[in-house]
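Structure at a glance
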Amino acid sequence: MRDESGTTTATEGVLSPRHRALSFGLITSVTLVAFLWLGVATVLPRAAEELGGVHLFGWAFTAFMLANLFGTVAAGQGADRGGPARPYLQAFTVFVVGCVVAALAGNWYVLLVGRALQGLGVGGVLALAYLIVGRAYPDELRARMLALVASAWTLPALLGPAVAGALANATDWRVVFLVLVPLVPVAALLTLPALRGLAPSGPGPGGNRLPLTFLLVLGVGALLAGLENRDPVVLVPLVVAGLAVTLPALRRLLPAGTLTARRGMPAGMIVRGLVSAAYYGGESFFPLGMTRVMGLDTLGSGLALSAGALTWVTGAWLQARLDTRGGGSGRHARVVLGFVLLVAGDGMIALAVGTSLESVALAVGGWAVAGLGMGFVYPAVTTIVLSLAPKGQEGAASSGLQLCETLSVAVMTGVGTAVTAYGSSHGWGDGRGLGMIYLAAAACALLGIAAGLRTAVRRTAHGTEPDAEPAPEPTPGAGRSA
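The rules we used
- Residues numbered from 1 in each chain as written.
- Predicted model: local features only at pLDDT ≥ 70, side-chain atom pairs only at ≥ 80, totals over all residues.
- Heavy atoms only, no water.
- Helix = DSSP H or I, 4+ residues; strand = E, 2+ residues; numbered from the N terminus.
- Buried < 20%, exposed > 50% of the residue type's maximum accessible area, 1.4 Å probe, protein only.
- Contact = heavy atoms within 4.5 Å.
- Areas by Shrake-Rupley, 256 points an atom, 1.4 Å probe, with all protein chains shown as cover.
- Expected span 1.5 Å × (residues − 1).
- Axes fitted to C-alpha atoms, helices over the stretch in contact; angles between N-to-C directions.
- Parallel < 35°, antiparallel > 145°, perpendicular 65-115°, else oblique.
- Nonpolar A, V, L, I, M, F, W, Y, C, P; charged D, E, K, R; others polar.
- 1 Å grid on protein atoms, 1.4 Å probe; cavity = no way out; pocket = protein on both sides within 12 Å on 5 of 7 lines; lining within 4 Å.
- Points joined across faces, edges and corners; volume = space filled by probe spheres on them.
- Domains from an automatic or database assignment.

1. Some details on the overall build of the chain
Check the secondary structure of the chain and you find 16 helices and 0 strands. Looking at the chain as a whole, 55% of its 482 residues qualify as buried. Taking the contacts inside the chain whose residues are at least 6 apart along the sequence as the reference set, 82% of them involve residues at least 24 apart. Only carbon and sulfur atoms are counted for the fraction: they give 67% of the accessible area of the chain, which is about 19,000 Å².

2. Considerations on helix α3 (residues 85–104)
One turn of the α-helix equals 3.6 residues, which is why residues spaced by three or four share an orientation. The end-to-end C-alpha separation of α3 is 29 Å, in line with the 28 Å expected for 20 residues at 1.5 Å each. When we look at burial in α3, the residues that qualify are Ala-85, Pro-87, Tyr-88, Ala-91, Phe-92, Phe-95, Gly-98, Cys-99, Ala-102 and Ala-103. Of the surrounding secondary structure, the elements contacted by the buried residues of α3 are α1 (20–51), α2 (59–82), α4 (108–136), α7 (173–178) and α8 (184–195).

3. Overview of the side chain of Ser-29
Take Ser-29: it is sitting in helix α1. Residue class for Ser-29 comes out buried when judged on its relative accessible area of 1%. Not counting residues within four places of it along the chain, the set of residues in contact with Ser-29 comprises Tyr-88, Phe-92, Val-125, Ala-187 and Thr-191.

4. Brief notes about the packing of helix α6 (residues 154–170) against helix α12 (residues 298–326)
Between α6 and α12, the least distance of the axes is 7 Å, while the angle of their chain directions is 175°. Taken together, the axis directions place α6 and α12 in an arrangement best described as roughly antiparallel. Every residue of α12 that contacts α6 at Ala-157, Leu-158, Pro-161, Ala-162, Gly-165, Ala-166, Ala-168 and Asn-169 is listed here: Thr-298, Leu-299, Gly-302, Leu-303, Leu-305, Ser-306, Ala-309, Leu-310 and Val-313. For the contact of α6 with α12, the class distribution of residues is 12 nonpolar, 5 polar and no charged.

5. Structural notes on the layout of surface pockets
In this structure, the second largest pocket occupies an estimated 610 Å³ of space. What lines the second largest pocket is a set of 24 residues, and nearest its centre among them are Leu-250, Ile-270, Leu-407, Ser-408 and Val-411. At the level of secondary structure, the elements contributing two or more residues to the lining of the second largest pocket comprise α9 (210–228), α10 (232–253), α11 (265–293), α15 (394–425) and α16 (430–453). In terms of residue count, the dominant contributor to the lining of the second largest pocket is α15 (7 residues). When the residues that make up the lining of the second largest pocket are grouped by side-chain class, the tally is 20 nonpolar, 4 polar and no charged. Here the lining of the second largest pocket spans two domains, since at least three of its residues come from each of domain 2 (208–253) and domain 3 (257–457).

6. A look at unusual backbone geometry
Notably, Ala-261 is not glycine yet its phi reads approximately 55°, a positive angle. Within the secondary structure layout, Ala-261 lies in the loop between α10 and α11. With a relative accessible area of 16%, Ala-261 lands in the buried category. Despite not being glycine, Glu-358 shows a phi value in the positive range, around 45°. Here Glu-358 shows up in the loop between α13 (331–354) and α14 (360–388).

Structure follows, in structure tokens:
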């Protein structure tokens, strides 16, 4: 409720009549795209086998992530200039079209087009969800609504892979892409009325970032396409051109010093990228290892994938408790501990799938250990970076974190695709190529230990560390939509 002065009273909440429809609409929107993001990974191996795309398997994630990056920027700028209603509707329309294209795909290349359209739509929906919370809710309700939006990832993270696997076993993998589409109009009908009343804020201080983002996507795409090609005449020019476009774009899009891991906030940006590569990069190929190497069906693969989500919940909860108890002290040590767990977990999976052991228990145990490490690192480094950001530039810091995460996952899955393509052409078994991918993920985690040590900053003249403040309550998966 609002008093005569127009301020919000304590009796009004995010589910009060004034905000109820928008709150349910945003939660439904995030749940829909979260299920697609997390559940579809379980059925993609079966789709790749049926459509002849195993050698290009990683591109199902690379195309999704690169398009997601562009969709995030495009939706945000569209909302700044014309309000969020139109870009929200456009993002969900593209999302639905992508789902339909993927479900009807007759070959792997068409499915990749569908995945790119899904990524474009998902990036827009998630970016707008957080932007809408910032504009449509009063200050005293924003934290509560952000927590609800973040919690919309929890059930899809825990149940999405298993539900998708069971659904694919009972019907067909194509159904997984379509099952939630009928709920999209429900989310739109709940959300759009409130969005039409939100005025545009005008172009942000950073100017138009779309051209740079587009160049970055093209550069990374060229780099990864080159790495997959075995002909040096094609490989070398593509890699050189990709690097020539990607590196300057990154220097302009990321805070100064990020590419050299300068101590403090820039090193934190690198940590976010490395932990995402070590975990999400492995997550992309885990169902493929469970089905093609271990012989599990899609339901068993989904249940195995859920092990990482369960331990991530545990790690994030422990990180939050320790952070609150210590007032922020020990945060850097937990980043390092988390990376040590990721090295161990990825190493266990590499041993399980890449050698003659072929142990399901070892692989699932490794994934659980990696999830626990992710639960420690992810919320800790996010809090470190945001606490070190200059006052008034927290939004830019959050954008930089998301860019590092999305880009690192795209690159890691692209490199994984190059490894599987090379192995396929040289007669490797599936396990050998997947084992090398997890060794690469473990190497990213090793680099993360060194970068994590550089997130610590010297005490100021006042004797306090810039990042020594209580951490926000982390929710697994929330970072995918930051």
